[in-house]
Amino acid sequence: MSVFDEQPPLINHKELCQWLKNNYSFFKIKDVKLRSLNSERDINFLIKGINNKKYVVKISNPKESFEQLMYQDVLIKHLRLNKKLRKIYPEICHKNILFFKDKKQRNCPVRVLTYIDGNMYAKSKINNEIEKSFGRILALQSIQLQSFINNAAIRKFDWDPSNIKWTKKFINLFSGFNKEIIKDAIYQHDNFVYKNIKNLKYSVTHGDPNNYNVIVKKDKIIGLIDFGDSIYAPSINDLAIALSYAFMSSKNLYQTLKNIVGIYNNVYPISSDEIYSLLGLIKSRLVITLVMAAKQRKKYPDNKYLSISENNAWLLISKLHKVDPYFFIAVVRDICHLEPINNYSKLIKLLNNHSYGSIFDFKLNNVNKKIVNFDKKSLLLKTNPSNKKLNTLVEKFLKNDVGIGLYKEKRKVYKSDHYVSSLNSLERREVHLGIDIFVKENTPLRAPLNGKVIILHNNNFKYDYGPTVILEHNIKRFKFYTLYGHLSEKCLKKLKVGQIIKRGDWIGDIGGYKVNGNWTPHLHFQIMSTLLNEVNNFPGVGEKYLLNIWEQISPDPNIILNIPQTFFSNKDKKEIILSNRTKNIGRNLSISYREPLHMLEAKDQYFYDEHGRKYLDCVNNISHVGHSNALVHDALINQNLKLNTNTRYLYNIINEYSDRLLKTFPKKLNKIFFVCTGSEANDLALRIAKTFTKAQEVLVMDNAYHGHTNSLIDLSPYKFNSKGGEGKKDYVHVLRMPDDIRGKWTAKNRNWINKYIEEATELINKKFTKKNLLSSFFFESILGCGGQVVLPKNYLKNICKLVRQKNALCIADEVQTGFGRVGDNFWAFQEHDIVPDIVTLGKPMGNGHPIAAVVTTEKIADTFNNGMEYFNSFGGNPVSCAVGNAVLDVIENDNLQQNAIIVGTYFVKELNKIKQNFPNYISSINGKGLFIGIDLIQKGNFLLPNQKLATDLINNLRHEGILLSTDGPYNNVIKIKPPMVFKKENVDFVCSEIKKFLIHKDKK
Ligand SMILES: Cc1ncc(COP(=O)(O)O)c(C=O)c1O
């Protein structure tokens, strides 16, 4: 027979008072008064002794083991050894345990302890401070108990939540949903406690820190009493038991958890295994309470203590039944400063480094997207329309664009009780954990990566997911999941649970309003690092106050979708930017395309606009080594954080960079002047040439552009001969551009190059006499503004020879063509077997940072040093040099010069194929390396340049996501000069779109 089956002591108060007076000196007072205290199995009295000091007289059940009572005394003494805890436990006042005979003449053991004067936790108004204090006391107690062991503690005990197998046979005491709850708790005990039990740390435990054994005073725990249930068990039992009662006094389970567990863990760290079992233990304790109550109520209907917490236990276990056990673990891990999801950082790293296929048959970044807001400011929800109305509004808003519903958006669409937070009923789950993609009904879906179907379910409640697919993925043994909600029913028929899915495989179609949970057709796409305890479904929204946990459970799905971040953060409207620009900025700055582009970010050879749309950049040769190159950026900021000054001070980076840059030139060219722009470089080159030659006249090529300053507009027929230009100045002389298509002499004439050379010879000899001395000849080796025209073989060699005969300088403008772009050589002039006297550099030199230079010979530089200082505030500053150096690093490290020849040659070859198929539209493919032009004509007539076709083509391809520009004297040349990281696949894309455009043109 156990102590629970024996009736508690039956006491005659008068006899007891006398007995106490006889046996304890501190009760030798006149009037001993007994006040009964609640207890489950002992009979306890509060008594005032000598000096009004309060004592508790504990009269134990006659069946109580004497050894157990002795043990409790030893335990209390041990706990009181800890200074921080001493006052928390009662002092033992008896020397020996004596026996008192009750009404039934049974020998009942008696102990006397001091009384801790305060309120029971169960009867107190609990606040954060009390809970924190409770956590601290429990932790200190756990620490103190680690150094205590006693054989009497090692026993099997029904109230031990780490072993509730015995309760299974009482399940039938319950019925209906209550039974379900109990069964579920027992099942979770098996999973989370029993299977993990070997991983739990054991020690003696208090065993019953319930809210009637905890004493509170002035927002603090001042006492912890009753050691009758102390056993050797998992140390974490005490925390679990304490929580199972503390939760009963709490409206906000999360806050209580945070207060008690947070402090407990700070004082005495909890292991992840203990966290794993915590909820299981809490619920197990509640199961014990409920089973005991059901059992005992029948037997001892009078003992109120037995069922005192029964109602509260039902309320609490029903609440906890709704808490996902894995979610609870994540919450407690977070409270204990662990990653809520074990190995989350590793998983995210893997996810970020993985490559994904498109989720649709089209690429999300190749279409215009619009953000569909469902937050409280949402205009779509302004009139709080029924969902059907909302559909029409969304469709009207999107037109043909794809809608994007935001991750982590706090929404006001989730209304039912289903969304009440399980850990705090005052909070709701309303933060969206996926990304919604609004596309047309029946749009097919593709798996973005290999996986396996693990959940296929129709969540066919209003506003739920409708047909849903969940795939399991495995990257390097890390499992994670992706969810696709609001599909049509087709996936339920065509897919099977367990089916292996390859990246790109069909996994469903977007469902319509009727089947998808009554939503506007869209995909709810979500990533999950864990499935939690879900079998059919998965929460698509989470609590804001637990967002740091949800973020780890459902990381940003954009890791897979890869929509540029700026699309989400952009607040600027294109129309406003445009109108402000017109207001603030001079109007002769042109804007590309009929429909201007508002770019938000760029990387390598791609741009991303305000619609999160990706564009292949085929024209920005300034971003030579690719947009937003990290190495160049780092070089810039690192140097900028160290030193940025001007050339009047000494710093070594200017020497390092100059050495390296000059090595790319023929030996003779060994002096460098740094400036900031191509114009500045050409302007300085002109000044140097004039100083060196003491001459004024200048020779240039027709259609050339050398810069925007006064002097350079004069040297740029491209400018001075066109709209707004003032025509040619007398000191400027223009050589005809050798144009093999529609020039004075064309390739039809075998001798055509010589004809141009002869004409130039005549001009040079005639114009430059002793009166009109020639200072310099400016040339680009490939005329960019002339229409990507490569100067023919021997042309430059001959002209330079003639120029030198006139003691003038040859100045190669490499502003566009330098730094490996032509492929075979680092500088385009090297293709012509000449060594200029001066070379000017710019554009690609700093990958967008304003740095340019003039390179010349020692002799010329010396002559230029005529007493007048050359000072440039910014030219050659340390930051610019660091940037220039980094650009050279990337060109070298990434073999970009080699890439220019491989990809450039392939490009020209592919364009020539198009030319053969469309001789009516294309007359020639010009250029070298990644500096290419397509000459467009009308009706197959070389002599009819087709400016309209060129403009149409670039505007059309802009809508296909390709950026090109037009140039040449007739603006009929498509200019191609992309970042040097351009790839063959980019070439294929451009060529296929050009072909499509021309085929379409043909059909018209
Ligand atoms: C051949 C050439 N030289 C010089 C320049 C002027 O360079 P910047 O615009 O840096 O002043 C340009 C600019 O387009 C150019 O194409």
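Worth saying up front: this structure is predicted, and the values here are computed from it rather than measured.

Things to note about the overall build of the protein
Along the protein, the regular secondary structure elements total 29 helices and 40 strands. Relative to a compact globule of 1004 residues, whose C-alpha radius of gyration would be 30 Å, the protein shows 43 Å and is clearly more extended. In terms of overall dimensions, the protein has a C-alpha envelope of 145 × 70 × 45 Å along the principal axes. Burial analysis of the protein (1004 residues in total) assigns 57% to the buried set.

Re the packing of helix H3 (residues 128-146) against helix H6 (residues 253-267)
Axis separation between H3 and H6 bottoms out at 7 Å; the angle between their running directions is 35°. For H3 against H6, the interelement crossing comes out right-handed. Touching Asn128, Glu131, Lys132, Phe134, Gly135, Arg136, Leu138, Ala139, Leu140, Ser142 and Ile143 of H3 are Gln255, Thr256, Asn259, Ile260, Ile263, Tyr264 and Val267, all from H6. Residue classes in the contact of H3 with H6 are distributed as nine nonpolar, six polar and three charged.

Description of the sheet that holds strand E4 (residues 98-101)
One open sheet holds the five strands; their spatial order is E1-E2-E3-E5-E4, and the pairing between them is antiparallel. Sheet topology places strand E1 (34-37) and E4 at the edges, where each strand pairs with a single neighbour. When strand polarity is set aside, the average angle formed by the axes of neighbouring strands in this sheet is 35°. Taken together, the six bridges between strand E2 (residues 43-48) and strand E3 (residues 54-59) define a ladder with antiparallel strand orientation. Within E3, the residue paired with Ile43 across the bridge is Ile59. Along the sheet, helix H1 (residues 13-23) makes contact with E1, E2, E3, E4 and strand E5 (107-114), crossing E4 at roughly 155°.

Observations regarding the packing of aromatic side chains
If you walk through the whole model with that rule in mind, you get 38 aromatic pairs. Ring centres of Tyr71 and Phe148 lie 6.1 Å apart, and the angle between their planes is 40°; on these two criteria the pair is classed as tilted. Taken together, the residues span a long stretch of sequence, with Tyr71 in helix H2 (residues 66-79) and Phe148 in the loop between H3 and helix H4 (176-193) at a distance of 77 residues. Between Tyr484 and Phe525, the ring centres sit 5.4 Å apart and the planes meet at 40°, which makes this aromatic pair tilted. Note that Tyr484 is positioned in strand E18 (residues 478-485) and Phe525 in strand E21 (residues 523-528), a separation of 41 residues in sequence. For the residue pair Tyr484 and Phe525, the accessibility class agrees, reading buried in each case. In this structure, Arg155 packs its charged tip against the face of Phe157, placed 4.8 Å from the ring centre.

Things to note about the packing of helix H5 (residues 237-246) against H6
It is the contact of H5 with H6, at a shortest axis distance of 11 Å, that shows an interaxial angle of 160°. What the angle tells us is that H5 and H6 run roughly antiparallel. Here the hand of the crossing between H5 and H6 comes out right-handed. Each of Leu239, Leu243 and Ala246 in H5 lies in contact with H6, whose residues at this interface are Thr256, Leu257, Ile260, Val261 and Tyr264. Of the residues assigned to the contact of H5 with H6, the class counts are seven nonpolar, one polar and no charged.

Side note on helix H12 (residues 387-398)
Taking 1.5 Å per residue, 12 residues should reach 16 Å; H12 reaches 16 Å between its end C-alpha atoms and fits that length. The set of residues buried in H12 consists of Asn387, Leu390, Asn391, Val394 and Leu398. The buried side chains of H12 occupy one side of the element, clustering within an arc of 105° when seen end-on. Turned more than 90 degrees away from the buried face of H12 sit Lys388, Lys389 and Lys396, all of them exposed. For H12, the elements touching its buried residues are strand E11 (369-372), strand E12 (402-405) and strand E14 (435-438). Just downstream of H12, Lys399 is the residue with a positive phi angle, here 50°.

Some details on the sheet that holds strand E32 (residues 809-813)
Strand order in the open sheet formed by seven strands is E26-E34-E33-E32-E29-E27-E28, and the pairing between neighbours is mixed. Every interior strand has two partners, whereas the edge strands, strand E26 (669-675) and strand E28 (732-735), have only one. Adjacent strand axes in the sheet meet at a mean angle of 20°, parallel and antiparallel pairs treated alike. Pairing of strand E27 (residues 697-701) with E28 involves four bridges; the strand directions are parallel. Counted as the bridge partner of Leu699 is His733 from E28. Each of E26, E27, strand E29 (774-779), E32, strand E33 (838-841) and strand E34 (852-857) touches helix H20 (residues 678-693); the most contacted strand, E29, lies at about 150° to it. Packed onto the sheet, helix H23 (residues 752-767) meets E27 and E28 and runs at close to 165° relative to E28.

Topic: the pairing of E27
The element E27 is largely enclosed, with a buried count of five among its five residues. Every second residue of E27 is oriented toward a common face, with Glu697, Leu699 and Met701 on one face and Val698 and Val700 on the other, all of them buried. Here three bridges tie E27 to E29, and the two strands are oriented parallel to one another. Each residue of the ladder has a partner; that of Glu697, found in E29, is Leu774.

Notes on the pairing of E2
Two strands pair when backbone bridges link them, and E1 and E2 are joined in this way by four bridges, in the antiparallel orientation. Each bridged residue has a counterpart across the sheet, and for Arg35 the counterpart in E2 is Leu46. Counted between consecutive antiparallel strands, the loop separating E2 from E3 contains five residues, among which Asn51 sits at a positive phi close to 60°.

Some thoughts on unusual backbone geometry
A positive phi angle, close to 70°, is found at Arg477, a residue other than glycine. With respect to the helices, strands and loops of the structure, Arg477 is situated in the loop between strand E17 (466-475) and E18. Its relative accessible area of 81% is what places Arg477 among the exposed residues. Even without being glycine, Asn794 reaches a positive phi, approximately 70°. On the secondary structure map, Asn794 appears in the loop between strand E31 (789-790) and helix H24 (795-805). Take Asn794: its relative accessible area is 42%, and that puts it in the partly exposed class.

Digging into the site of the ligand
Within the structure, the ligand sits among 13 residues, and Gly678, Ser679, Asp813, Gln816 and Lys843 are positioned closest to it. Gln816 places a side-chain nitrogen or oxygen 2.8 Å from an oxygen atom of the ligand. Within the contact set of the ligand, an oxygen atom lies 2.8 Å away from a side-chain nitrogen or oxygen of Lys843. For the ligand, whose accessible area on its own is 390 Å², the fraction buried by protein is 85%. At three residues, the largest contribution of residues to the shell around the ligand is made by H20.

Things to note about the nonpolar core
Tyr121, Leu239, Val261, Leu278, Ile437, Tyr484 and Leu523 are the most contacted members of the largest nonpolar core, which totals 147 residues. In terms of residues, this core owes the most to one element, helix H7 (residues 272-299), which gives 12 residues. Other than its neighbours up to four places away in sequence, Tyr484 contacts Ile359, Leu445, Pro448, Pro467, Thr468, Val469, Leu471, His473, Ile507, Leu523, His524 and Phe525. Met737, Cys881, Leu911 and Leu949 belong to the second-largest nonpolar core, a separate cluster that totals 104 residues.

Quick word on the side chain of Asp324
Mapping Asp324 onto the fold places it in the loop between helix H9 (310-321) and helix H10 (325-335). The buried charged residue Asp324 lacks any salt bridge partner; its closest oppositely charged side chain belongs to Lys283, at an N-O distance of 9.2 Å. Setting aside its immediate chain neighbours within four residues, Asp324 contacts Leu532, Asn533 and Glu534.

Some words on the pattern of salt bridges
Going through the model one piece at a time under the given rule, you end up with 33 salt bridges. Taking the shortest distance from any N to any O, the salt bridge between Asp117 and Lys54 comes out at 2.8 Å. Within this pair, whereas Asp117 is found in the loop between E5 and strand E6 (119-120), its partner Lys54 is found in strand E3, the two being separated by 63 residues in sequence. Glu910 is paired through a salt bridge with Lys913; the nearest N and O atoms lie 2.9 Å apart. Placement of the pair is Glu910 and Lys913 together in helix H27 (residues 896-917), with a separation of three residues, close to one helical turn. With relative accessibility at 42%, the residue Lys913 sits in the partly exposed group. Each of Glu409, Arg411 and Asp436 takes part in one network of salt bridges that share partners.

Cut-offs used in this document
Residues numbered from 1 in each chain as written. Predicted model: local features only at pLDDT ≥ 70, side-chain atom pairs only at ≥ 80, totals over all residues. Heavy atoms only, no water. Helix = DSSP H or I, 4+ residues; strand = E, 2+ residues; numbered from the N terminus. Rg over C-alpha atoms; globule rule 2.2 N^0.38 Å. Buried < 20%, exposed > 50% of the residue type's maximum accessible area, 1.4 Å probe, protein only. Axes fitted to C-alpha atoms, helices over the stretch in contact; angles between N-to-C directions. Left-handed = near helix turned anticlockwise from the far one by under 90°. Contact = heavy atoms within 4.5 Å. Nonpolar A, V, L, I, M, F, W, Y, C, P; charged D, E, K, R; others polar. Pairing = 2+ DSSP bridges. Phe/Tyr/Trp six-rings, centres within 6.5 Å; stacked < 30°, edge-to-face > 60°. Lys NZ or Arg CZ within 6 Å of the ring centre and 35° of its normal. Parallel < 35°, antiparallel > 145°, perpendicular 65-115°, else oblique. Expected span 1.5 Å × (residues − 1). Arc of directions from axis to C-beta. Near = heavy atom within 4 Å. Polar contact = N/O pair within 3.5 Å; in protein donor to acceptor, adjacent residues only side chain to side chain. Areas by Shrake-Rupley, 256 points an atom, 1.4 Å probe, with all protein chains shown as cover. Core = buried A, V, L, I, M, F, W, Y, C linked by side-chain atoms within 4.5 Å. Lys, Arg positive; Asp, Glu negative; His and termini not counted. Salt bridge = Lys/Arg side-chain N within 4 Å of Asp/Glu carboxyl O.

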